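Here is how the chains run, residue by residue.
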Amino acid sequence: MAVVDQRTATFTVAGNRLDAVHKASRTDHTVLWLGLLSVLYNGILAFINHNIVPLSMTHVAASEGLIMASAIIYILHRGIYETDLPAFLFLLFTLIVTIYVSVLNRMLFIDHFRNVLIIFCFTGLGGWSNEKTMKLAFRWASLAVLIFLIFEIVSVPFYVSIVHPSDYFANTRGLLPLSYNTTGLFQNALGFPERFSFGIIDHRSSSIFLEQVSLANFCGVIAVYLISMWEKLSRWDRLLMIGTAVLILVTNDTRTMLIFCFACIVGYFIFPKIPKNFNLALMPLIVAAGFLVYVLKPNATGDNFTGRINLTMKKIMELDPLAVLGLSVDRVAEFADSGYVYLIYAATIFGVIALWLFVCLFPAGRTAAQRRCAHSLSLFIFLNMMIGGTAVFSMKIAGLLWFVVGYMRFHDSPRIRQDRPADVLS
């Protein structure tokens, strides 16, 4: 009969624990660089475009593709475990919806699949990351954003001489600068006199992202990271993250992220007391609140909070019935500023439901820190979709956002290969 050699089993378990400790103390450079490149790649391309050789949209798409391909290869090399199935099935379902939409509309439309692929890649990288690697990724990304933000505040000409956002978007997106824009900045960053502002600088800051919306949303990513990891961060990391976030808030003129950051400060104390599954009610509550704003102020317009909410609600109520089933994807570009409507046109109502369930149910909720992460993620995504478009799905923002979500899902129950103890015949 076969029995377990207890000494072999003991040494195997001990060996696995020592191996886990050793790996936790090492920096995973592949994960680190992929995390950093998700934030920095546009800035790097802009430097090349302005100072070395003109680039095109092909170079941008190829860079994103290379980052995601590298992430997929890394994840497949590490292996797909049972705990990875929610992300894998979400990606598979999105692929089916993408094929369905493309066939019905007789055109290849992969925008939503790309967005979900980014989520899959970076939740996977975060799930395999150790604490040291994740902290380094956020530390160096925040430092780069802070340095370029200071350059932009102190001297716009110097900032433009490095990355020249206007030329970059003209070459890679076809967005030619307007005649009045002689600054070299992205024209949407110039703002207008009536817009909310702290008056620190004469435009909306962009930093390494080159445009103002991504920088604003990066402030939200920092808030999610801080609320999730606060107890494990050093004093210097806290100061760096808070300093970067505050400087973004006072120069970017972002009302939404100002509200979100205050919500996270309060949420640090409240979120651990709320069951994770409450998130399932958050999106309907935000949409219902938007409808209430529309009823109370039906004539509100303009680039302000109520105006943006009303814009989204009007588009929801004017939905083409065929769009719910994915038959009007050719109109999707009309809704780039209304996240919920864009998703319905791009992914059908079934894709919207799948995203809602994934955002609410994928994050872990076992510990107080995990519940803070889960609730802040849902608030960040669903609030953004009410007053904005697709910025939260771009790699610049979604990369590190889902990186920390993946890490928080697995950090207290890591996937460690367990060797079977040897059997000995007796």
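Residues numbered from 1 in each chain as written. Predicted model: local features only at pLDDT ≥ 70, side-chain atom pairs only at ≥ 80, totals over all residues. Heavy atoms only, no water.

## Some words on unusual backbone geometry
How we decide: Each helix is a run of H or I in the DSSP string that is no shorter than four residues. Each strand is a run of E no shorter than two, and both are numbered from the N terminus. Exposure is judged per residue with a 1.4 Å probe applied to protein chains only, and the accessible area is read against the type maximum: over 50% gives exposed, under 20% gives buried, and values in between give partly exposed.
In the Ramachandran plot, leucine 210 falls in the positive-phi region, its phi being about 75° despite a non-glycine side chain. Turning to its location among the elements, leucine 210 is positioned in the loop between helix H8 (165-173) and helix H9 (212-229). In this structure leucine 210 comes out as buried when scored by relative accessible area, which is 0%. Positive phi outside glycine occurs at aspartate 253, with the angle close to 60°. Residue position: aspartate 253 is located in the loop between helix H10 (235-252) and helix H11 (255-270). Classification of aspartate 253 by relative accessible area gives buried; the value is 6%.

## Quick notes on the nonpolar core
Under the convention used in this document: In this description, a nonpolar core means a group of buried Ala, Val, Leu, Ile, Met, Phe, Trp, Tyr and Cys residues linked to one another through side-chain atoms lying within 4.5 Å. Contacts between residues were defined by any pair of non-hydrogen atoms, one from each residue, lying within 4.5 Å.
One finds Phe218, Phe382 and Trp402 to be the most contacted residues of the largest nonpolar core, which totals 112 residues. Aside from chain neighbours lying at most four places away, what touches phenylalanine 382 is Asn279, Leu282, Met283, Ile286, Tyr340, Trp356, Val359 and Cys360. Val97, Phe109, Val341 and Tyr342 belong to the second-largest nonpolar core, a separate cluster that totals 11 residues.

## A word on the packing of aromatic side chains
Definition in use: Side-chain rings of Phe, Tyr and Trp (the six-membered ring for Trp) are treated as a pair once their centres are within 6.5 Å; stacked means planes under 30 degrees apart, edge-to-face means over 60, and tilted covers the remaining angles.
Taken as a whole and judged by the stated rule, the model has 12 aromatic pairs. Considering the side-chain rings of tyrosine 168 and phenylalanine 169, the 5.6 Å spacing of their centres and the 70° angle between planes classify their relative orientation as edge-to-face. Accessibility classification places tyrosine 168 together with phenylalanine 169 in one group, the buried group. Taken together, a centroid distance of 5.7 Å and an interplanar angle of 40° make the contact between phenylalanine 358 and tryptophan 402 tilted.

## So, the state of the cysteines
This is how it is decided: Note on terminology: disulfide denotes any pair of cysteine sulfur atoms within 2.5 Å.
By the definition in use, this model includes zero disulfides. Summary of cysteine pairing: cysteine 264 is not part of a disulfide, and the nearest cysteine sulfur, belonging to cysteine 261, is at 6.3 Å.

## A word on the packing of H9 against H10
Quick note on the threshold: Convention adopted: a line fitted to C-alpha atoms gives each axis, helices being fitted over their contacting stretch, and angles between N-to-C directions are expressed from 0 to 180 degrees. Crossing handedness is read from the near helix: turned anticlockwise from the far helix by less than a right angle, it gives a left-handed crossing, and turned clockwise, a right-handed one. In the scheme used here, Gly and all other residues not listed as nonpolar or charged are polar, with Ala, Val, Leu, Ile, Met, Phe, Trp, Tyr, Cys and Pro taken as nonpolar and Asp, Glu, Lys and Arg as charged.
In the contact formed by H9 and H10, the axes pass within 10 Å of each other and the chain directions differ by 145°. Like other packed secondary-structure pairs, H9 and H10 cross with a definite hand, here left-handed. Across the interface between the two elements, Gln212, Leu215, Ala216, Phe218, Cys219, Ile222, Tyr225 and Leu226 from H9 touch Met241, Ile242, Thr244, Ala245, Ile248, Leu249 and Asn252 from H10. Classifying every residue of the contact of H9 with H10 gives 12 nonpolar, three polar and no charged.

## A word on the confidence of the model for the protein chain
For clarity, the threshold we go by: The predictor reports its confidence for every residue as pLDDT, a score running from 0 up to 100.
When pLDDT is averaged along the protein chain, the result is 87; 88% of the residues meet or exceed 70. Between residues 1-22, whose pLDDT stays under 50, and residues either more than four places distant or in other chains, the model counts 20 contacts. Between residues 417-426, whose pLDDT stays under 50, and residues either more than four places distant or in other chains, the model counts 18 contacts.

## Considering the environment of isoleucine 118
Inspection of the secondary structure puts isoleucine 118 in helix H5 (residues 111-128). A residue is classified by how much of its surface remains accessible, and isoleucine 118, at 0% relative accessible area, is buried. Excluding anything up to four places from it in sequence, isoleucine 118 contacts Met68, Phe393, Ser394, Met395, Ala398 and Gly399.

## Re the pattern of salt bridges
The condition that has to hold: Only one rule defines a salt bridge in this text: a Lys or Arg side-chain nitrogen within 4 Å of an Asp or Glu carboxyl oxygen.
The full count for this structure, using the stated rule, is six salt bridges. Lysine 135 is paired through a salt bridge with glutamate 131; the nearest N and O atoms lie 2.7 Å apart. Of this pair, lysine 135 and glutamate 131 both sit in helix H6 (residues 131-154), four residues apart, which is roughly one turn of the helix. Among the residues examined, glutamate 131 registers a relative accessible area of 26% and is labelled partly exposed. Residues arginine 139 and aspartate 237 are paired through a salt bridge, measuring 2.8 Å at the closest nitrogen-oxygen approach. Residue arginine 139 is located in helix H6, and its partner aspartate 237 is located in helix H10; the two are separated by 98 residues in the primary sequence. Salt bridges linked by common partners bring Glu131, Lys135 and Lys232 together as one network.

## Focus on H10
Heads up, the rule is: Given a helix with a known number of residues, its expected span is that number minus one, times 1.5 Å.
If you check H10, its first and last C-alpha atoms are 25 Å apart, about what 18 residues at 1.5 Å a residue would give, namely 26 Å. Within the span of H10, buried status applies to Asp237, Leu240, Met241, Thr244, Ala245, Ile248, Leu249, Thr251 and Asn252. The secondary structure elements touched by the buried residues of H10 are H6, H9 and H11. Two residues or fewer past H10, aspartate 253 is found with a positive phi of approximately 60°.

## Things to note about a nonpolar patch on the surface
Heads up, the rule is: Patches here are clusters of residues that have more than 30% relative accessible area and form no salt bridge, with a 9 Å joining cutoff for like charges and a 5 Å cutoff for nonpolar side chains (Val, Leu, Ile, Met, Phe, Trp, Tyr). The protein chains shown are the only cover counted for residues, whose accessible areas, like all others here, come from Shrake-Rupley with a 1.4 Å probe.
On the surface, Leu76, Ile80, Leu85, Phe88, Leu89, Leu92, Leu95, Ile96, Ile99 and Val103 cluster together to form a nonpolar patch covering roughly 880 Å² of accessible area. Considering every element that reaches the nonpolar patch, the biggest residue donor is helix H4 (residues 85-105), with eight residues. Following the sequence through the fold, leucine 76 ends up in helix H3 (residues 57-78).

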